[in-house]
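# Overview (structure and organization)
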Amino acid sequence: MKIISIANTTGGSGKSTTAFAIAVAAAEYGRNVLLIDLDERANLTFQLAIENPRFTMLEVATGSASNEVAIIRTNERIDFLPAAPRITALDTTQISVQNLKQKFANYDLVVIDTSSALNQRLTLAGELSDAVLYVSTDSLAAVRGVVLASDFFKKSDSLGVLPVMSAAQSSAISVLSGDFKVLDPAIPSDENVLMAQIENKSVLNYAKAALASDAYRDITYFLLEDLFGSKADAAL
């Protein structure tokens, strides 16, 4: 099992969309995937058409709910642990990270959509994660969000920075190239991403041949190679 976080402390950086797309793409490659919303704003949960979920990471981490009742099977071939504002009650000092990891051990890949705030949920994501993927649009605020988020993932392997709605070597993102690997292909601007959100779907499911869908599949293949070695596709 590998756990990766998708991180940036600036809102609107494409973090939730990317977490969703990578989870779905990894499932397409044959991986058993769990997607976790660890952002108290619960935007990803809302995108999956879930409102006021009964169970979240708070209940799973504290042992008041089992995986069987808390985790939702989606129609995109991935499992999902939703979020709600009450996950702000998560206290990392009261949680055994190793015990929590063990609860997810039956998955090949766990993808965490992290909080955009500098808080205990981001700390927990850093403690859980084997690796982190930073995302950034071509804005100085998003670039700064990568740098701020990286302070929480010093023990995690960096998979690099994925440019979203931007060129790989845009002027703002190029600032990061001295300290981070900037990934290619970048995720291009694509109206299908917004349309997929309106339909409560991943862009890969909404428009399988869209430019963004193809780019997310390519990036996910490379990420799986980094995480699991040469066999990115579990069917190989």
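All of these numbers come straight from a predicted model, not from anything done at the bench. In every chain, residue numbers begin from 1 and rise along the written sequence. Per-residue local features of the predicted model are confined to residues with pLDDT of at least 70, and side-chain atom pairs are confined, for both listing and counting, to 80 or more; whole-chain, interface and lining totals are unaffected and use all residues. The basis for every side-chain value is the complete set of heavy atoms in the structure, and neither hydrogens nor water enter the calculation.

## Quick word on the overall build of the protein chain
This is how it is decided: Only DSSP runs of H or I reaching four residues or more are called helices, and only runs of E reaching two or more are called strands; each is numbered from the N terminus. Radius of gyration: over C-alpha atoms. The globule rule applied is 2.2 Å multiplied by the number of residues raised to the 0.38 power. Note on exposure labels: buried denotes an accessible area under 20% of the residue type's maximum, exposed denotes more than 50%, and partly exposed covers the range between, all computed with a 1.4 Å probe on protein chains only. Every accessible area reported is derived by Shrake-Rupley at a probe size of 1.4 Å, with residue values counting cover from the shown protein chains alone. His is not counted here, nor are the chain ends, while Lys and Arg score as positive and Asp and Glu score as negative. For this purpose, a charge sits on NZ of Lys, CZ of Arg, CG of Asp or CD of Glu.
Looking only at helices and strands, one finds 10 helices and seven strands in the protein chain. Whereas a compact globule of 236 residues would reach a radius of gyration of roughly 18 Å, the protein chain reaches 16 Å, a difference of no more than 12%. Its C-alpha atoms give the protein chain principal-axis dimensions of about 45 × 35 × 35 Å. Buried positions account for 58% of the 236 residues belonging to the protein chain. Accessible area of the protein chain: about 10,000 Å², with a carbon and sulfur share of 50%. If you average the places of the 19 positive and of the 27 negative side-chain charges in the protein chain, the two averages end up 5 Å apart.

## As for the packing of aromatic side chains
In this description, a pair of aromatic rings is defined by centroid distance and the angle of the planes. So the rule is basically this: Only rings of Phe, Tyr and Trp enter the pairing, Trp through its six-membered ring, and a pair is recorded when the two centres are within 6.5 Å. The plane angle decides the type: under 30 degrees is stacked, over 60 is edge-to-face, the rest tilted. Two limits define a charge over a ring: the Lys NZ or Arg CZ must be within 6 Å of the ring centre, and within 35 degrees of the ring normal.
Per the counting criterion, the structure on display carries three aromatic pairs. Summarising the aromatic geometry, the rings of tyrosine 29 and tyrosine 221 are spaced 5.4 Å apart at their centres and angled 65° between planes, so their arrangement reads as edge-to-face. Of the two residues, tyrosine 29 sits in the loop between α1 (15–28) and β2 (33–37) while tyrosine 221 sits in helix α10 (residues 211–228), which places them 192 residues apart along the sequence. Ring centres of tyrosine 134 and phenylalanine 180 lie 5.5 Å apart, and the angle between their planes is 75°; on these two criteria the pair is classed as edge-to-face. Residue tyrosine 134 is located in strand β6 (residues 131–136), and its partner phenylalanine 180 is located in the loop between β7 (157–163) and α8 (191–198); the two are separated by 46 residues in the primary sequence. Taken together through their ring pairs, the aromatic side chains of Tyr134, Phe153 and Phe180 make up a single cluster. One residue, arginine 31, lies across the ring of phenylalanine 228, its end atom 4.2 Å from the ring centre.

## Side note on the pairing of β7
Threshold: A pair of strands is labelled paired if DSSP reports no fewer than 2 bridges between them. A clockwise course of the path from the first strand over the helix to the second, judged with the strands pointing away from the viewer, identifies a crossover as right-handed.
The buried fraction of β7 is high, at five of seven residues. Two strands pair when backbone bridges link them, and β6 and β7 are joined in this way by six bridges, in the parallel orientation. In the sheet register, tyrosine 134 faces β7, and the bridge partner there is valine 161. In the classification by handedness, the crossover that spans β6, the intervening helix α7 (residues 140–150) and the parallel β7 is right-handed.

## Regarding a nonpolar patch on the surface
Note the cut-off: Residues form patches when they are more than 30% accessible in relative terms and have no salt bridge. Like charges link within 9 Å. Nonpolar side chains (Val, Leu, Ile, Met, Phe, Trp, Tyr) link within 5 Å. When a carboxyl oxygen of Asp or Glu is within 4 Å of a side-chain nitrogen of Lys or Arg, the pair counts as a salt bridge.
On the surface, Leu194, Met195, Ile198 and Tyr206 cluster together into a nonpolar patch covering about 360 Å² of accessible area. The element contributing the most residues to the nonpolar patch is α8, with three residues.

## With respect to unusual backbone geometry
Each neighbour pair has its own omega, and for aspartate 184 with proline 185 the value is 15°, a cis peptide bond. Residue placement: proline 185 occurs in the loop between β7 and α8.

## A look at the sheet that holds β7
As a reminder, the rule being used: Contacts are assigned to residue pairs that have any heavy atoms within 4.5 Å of one another. Angular values range over 0 to 180 degrees, each being the angle between N-to-C directions of two axes fitted as lines to C-alpha atoms, with helices fitted over their stretch in contact.
One open sheet holds the seven strands; their spatial order is β3-β4-β2-β5-β1-β6-β7, and the pairing between them is mixed. The two strands at the open ends of the sheet, each matched to only one other strand, are β3 (72–73) and β7. Bridge analysis of β2 against strand β4 (residues 79–81) gives three bridges, and the strand direction is parallel. Bridging across to β4, isoleucine 36 finds its partner in leucine 81. Across the face of the sheet, α7 comes into contact with β1 (2–7), β6 and β7 while running at roughly 160° to β6.

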